[in-house]
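Summary of structural features
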There are 2 protein chains.
Amino acid sequence: MQSKVTIYDIAEKLKISTATVSRALNNSSKLKQSTLELIQRTADEMGYQRNIFAKALKSGKSNTIGIIVPRIDINFFSSAIRGIQEELNPNGYQVVICQTYDKGTLEVETINSLINSQVDGILMSISNTKIDNSDTFKTLVKKGFPFVFFDRKKDIEGISSVTTNDFEAGYIATEHLIKQGCKRVAHLTNNHALDIFKDRFLGYKKALEDYGLEFDSEIVIKTPYKIDEGKKHTRDLLALKNPPDGIFAVHDYLAFGAIQEIKAQGKNVPDDICVMGFSNEPFAKFLELSITTVNQSPLKMGKFAAQALLEQINNPNNIKVEKHVVLTPELLVRKSTLRQ
Amino acid sequence: MQSKVTIYDIAEKLKISTATVSRALNNSSKLKQSTLELIQRTADEMGYQRNIFAKALKSGKSNTIGIIVPRIDINFFSSAIRGIQEELNPNGYQVVICQTYDKGTLEVETINSLINSQVDGILMSISNTKIDNSDTFKTLVKKGFPFVFFDRKKDIEGISSVTTNDFEAGYIATEHLIKQGCKRVAHLTNNHALDIFKDRFLGYKKALEDYGLEFDSEIVIKTPYKIDEGKKHTRDLLALKNPPDGIFAVHDYLAFGAIQEIKAQGKNVPDDICVMGFSNEPFAKFLELSITTVNQSPLKMGKFAAQALLEQINNPNNIKVEKHVVLTPELLVRKSTLRQ
DNA sequence: TTGTAGGCGTTATCAC
DNA sequence: GTGATAACGCCTACAA
């Protein structure tokens, strides 16, 4: 099956000890240059591959990091994963990707399974669930297990995080709509189990306040972020006595659904109603009526998260490192909000 | 850090041997029921976690499978991965996901890195590259390493595969356009380094032939499957003296771009030109003008691929198992081709 | 039914 | 500089 040349075979062939072979393979400095080269060359010739399990058993380190995300087919997450890998691979770490499909129960299960496979650390974006898994996270902190939240975090003392400033994002999104002339801005949001959605909502609310617009909870709607839902709730919004003239959706899918519905009713985007998305999903840019959105730099976020994790892993003494990186969101103005 | 209770600790506590503990933990049948229960309970209480490296070192098996795909943010692949996991997890296997980003060099590198981390097998969809990595694959066959292609395969003797019948898919797609009344069907395809695209092309050609339409290589265009490219090449097609009245694109992104361009030129889809996509990307269904496409059942494909791999792994003697599962494509007719 | 003991492949601590 | 050897934690003949 696998090639199974061991350091024993090399040692025997060269009539030296396994200790020396091991040292050579690890580039130990205190070896004669000639033996070092000889051993490395021989190892190559014999097709030697280090057995990572033996190494891991001995060292207690797997050089593997677990990544937990709700799902990988959302552009934001796959980009963040790419960022993580670009940071970790050069540092000698492999990556294991797990999905929770936003199921709260799978969340704990996945963490345990990763720890059971002895990853050296975990990077996680939590699920959108009402289940409270705080205890699991707290236990991790107590054990000093290297762990970092990215994007979707929970406020747990001792856990570092890398996030977008979602309050600011909600604020600038709403502000943009107001500056385009919207007087009544609806908000398609998600349940507020996740901070990211709550913060965007708070930013939305603050912007309304700052610009002297009335806040009306009737036009703040909590819904899963699916295209269908965007359509459905927009239908409801348009049926109100006092319908909105702007919609800020917490995801491009919702915004997309909203736009479809508005058009279907013979109204114009952005002239009748401005629609604003979130997340910068690739398709949003390519629509005939491109969607204004907020970009969260997932690649950068992944890199920062990986760095924060490495810092924890390489933390020699157990000094408490809690660190919160907050990235600045970027407004991408496109047709769906750009009135002439 | 990790809890480090070993079978030694349990043995000591209960004044029995590690062998008995090990047996109990593996549910060996030849143990007194009472001791078995006692040990399992004690292990639980002490928070015992099996050290997978020791086990792997001893058994030579990692119980991990590598998955290699071009990228995970394409719905087809993320769905296939889901199918694979649903099949493998219940069988006690973990999964490591790797992306090649369609880079030929990363392909070999990734395989080696996976083998180096001693996965028990690999499931792979090859990259769209001109680089020929056949030798790497042949070496795997020679070593008897469990390996299965899914979707994007290479014809290598000894390697099993699970694919869609892309010839048939190309045929029914083209046939559908012809039956909608198209007399001149263009084909937006990819370079033909990959069988899937070549086969779809061959199916396209055969359908034209069967229905007595002329084949014209001028309207067969090889291009990366990006929205922009779909636009660009459609522009070229429409500028021809004899423009097509139907377009069969090998990916929904291309079809999407094509539709945008046709509309931009003030023409109507499907009345002036029918447009057909491929892959059943989720967004295609939700467009105002929904895109007719071909569904390839990625979930099912993932499951079959995983099964084929498990068969190889569990193959007791080294009987040669080469198996080719070919799934039937399914036409999903939507607005972009449906003339009244 | 249970215990003894050797080995999986590495690395690290001693010695020399 | 290099060699002998003891772990790392688990499994499994072989014994008892």
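Thresholds, definitions, all that
Residues numbered from 1 in each chain as written. Chains lettered and ligands numbered in written order. Predicted model: local features only at pLDDT ≥ 70, side-chain atom pairs only at ≥ 80, totals over all residues. Heavy atoms only, no water. Near = heavy atom within 4 Å. Polar contact = N/O pair within 3.5 Å; in protein donor to acceptor, adjacent residues only side chain to side chain. Helix = DSSP H or I, 4+ residues; strand = E, 2+ residues; numbered from the N terminus. Nonpolar A, V, L, I, M, F, W, Y, C, P; charged D, E, K, R; others polar. Pairing = 2+ DSSP bridges. Axes fitted to C-alpha atoms, helices over the stretch in contact; angles between N-to-C directions. Contact = heavy atoms within 4.5 Å. Domains from an automatic or database assignment. Buried < 20%, exposed > 50% of the residue type's maximum accessible area, 1.4 Å probe, protein only. Buried area = accessible area lost by both parts, 1.4 Å probe. Salt bridge = Lys/Arg side-chain N within 4 Å of Asp/Glu carboxyl O. Least-squares fit on C-alpha atoms with pLDDT ≥ 70 in both.

Under an unreviewed UniProt entry, chain A has the name LacI family transcriptional regulator and belongs to Neotamlana nanhaiensis.

The full set close to DNA strand D counts 23 residues, and A:T20, A:R23, A:T35, B:I7 and B:Y48 are the nearest of them. Expressed as a percentage, the sugar and phosphate content of the atoms of DNA strand D within 4 Å of the protein is 63%. The side chain of B:R50 places a nitrogen or oxygen atom 3.4 Å from a phosphate oxygen of DNA strand D. A distance of 3.5 Å is found between a base oxygen of DNA strand D and a side-chain nitrogen or oxygen belonging to B:K58. Secondary-structure elements contributing two or more residues to the surface near DNA strand D are α2 (18-25) and α4 (52-59) of chain A together with α2 (18-25) and α4 (52-59) of chain B. Among the elements that line the surface near DNA strand D, the one with the most residues is α2(A), at 4 residues. Taken together, the residues of the surface near DNA strand D break down into 8 nonpolar, 8 polar and 7 charged.

With that settled, consider the sheet that holds strand β8 (residues 246-249) of chain B. Residue and element names in this part refer to chain B. Taken in spatial order, the 4 strands of this open sheet run β7-β6-β8-β9, and their pairing is parallel. Every other strand in the sheet has two partners, leaving β7 (220-222) and β9 (274-276) as the edge strands with one partner each. Strand after strand, the sheet turns through a mean of 15 degrees between neighbouring axes, direction not considered. Pairing analysis gives 3 bridges linking β8 to β9, with the strands arranged parallel. Its bridge partner being in β9, F248 is matched across the sheet by M276. Against the sheet, helix α9 (residues 195-210) engages β6 (185-189), β7 and β8, with an angle of about 175 degrees to β6.

Here the domain parsing of chain A yields domain 1 (7-50), domain 2 (62-164 + 298-328) and domain 3 (166-296). Of note, the centres of domain 1 of chain A and domain 2 of chain A, computed from C-alpha atoms alone, are 37 Å apart.

The next thing to look at is the protein's contact with DNA strand C. Taken together, 24 residues form the shell around DNA strand C, and within it A:Y48, A:K58, B:T20, B:R23 and B:K58 come nearest. Sugar and phosphate atoms represent 60% of those atoms of DNA strand C found within 4 Å of the protein. A:N26 has a polar side-chain atom sitting 3.3 Å from a phosphate oxygen of DNA strand C. The separation between a base nitrogen of DNA strand C and a polar side-chain atom of B:R23 is 2.6 Å. Elements represented by at least two residues in the surface near DNA strand C include exactly α1 (7-14), α2 and α4 of chain A together with α2 and α4 of chain B. Grouping the constituent residues of the surface near DNA strand C by class yields 9 nonpolar, 8 polar and 7 charged.

A few words now on the side chain of B:N75. By secondary structure assignment, the location of B:N75 is in helix α5 (residues 75-88). Take B:N75: its relative accessible area is 16%, and that puts it in the buried class. Aside from chain neighbours lying at most four places away, what touches B:N75 is A:D73, B:N280, B:E281 and B:P282.

With 45 residues of chain A at the contact, the number on the chain B side is 45 residues. Taken over both partners, the interface formed by chain A and chain B buries close to 4200 Å², and the fraction arising from carbon and sulfur atoms is 54%. Inspection of the region where chain A meets chain B yields 2 salt bridges. One salt bridge connects A:K263 with B:E288, and the closest N-O pair in it is separated by 3.3 Å. Put simply, chain A and chain B have 6 residue pairs in polar contact (both at pLDDT 80 or more) between them. Listed by contribution, the elements that provide at least two residues to the side of chain A that touches chain B are α4, α5 (75-88), β2 (94-99), α6 (104-116), α10 (227-238) and α11 (252-264) of chain A. Taken together, the residues that form the side of chain A that touches chain B break down as 20 nonpolar, 15 polar and 10 charged.

What follows deals with the relation of the copies chain A and chain B. Each copy of the sequence occupies a distinct position, and chain A is placed on chain B by a rotation of 180 degrees and an axial shift of 0.0 Å, giving an RMSD of 0.1 Å. The transformation relating the two chain copies, once decomposed into turn and shift, fits a two-fold axis. Comparing interface residues between copies, 100% of those in chain A also sit at the interface in chain B, which points to an isologous, same-surface contact.

Our next topic: the pattern of salt bridges. A pair can form between side chains of opposite charge whenever their charged atoms are brought close. Residues and elements named next belong to chain A. Taken as a whole and assessed by the stated rule, the structure comprises 28 salt bridges over all chains. The residue K323 makes a salt bridge to E311 at a minimum N-O spacing of 2.9 Å. Pair noted here: K323 is in the loop between α13 (298-313) and β11 (324-327) and E311 is in helix α13, with a separation of 12 residues, a long-range link.

This part takes up the pairing of strand β5 (residues 160-164) of chain B. Residue and element names in this part refer to chain B. Counted residue by residue, β5 has 5 buried out of 5 residues, so it is predominantly covered. In terms of strand pairing, strand β4 (residues 147-150) meets β5 through 3 bridges, oriented parallel. Considered in β5, the bridge of F149 is made with S161. Examined bridge by bridge, β5 and strand β11 (residues 324-327) share 4 bridges and lie parallel to one another. In the sheet register, S161 faces β11, and the bridge partner there is H324.

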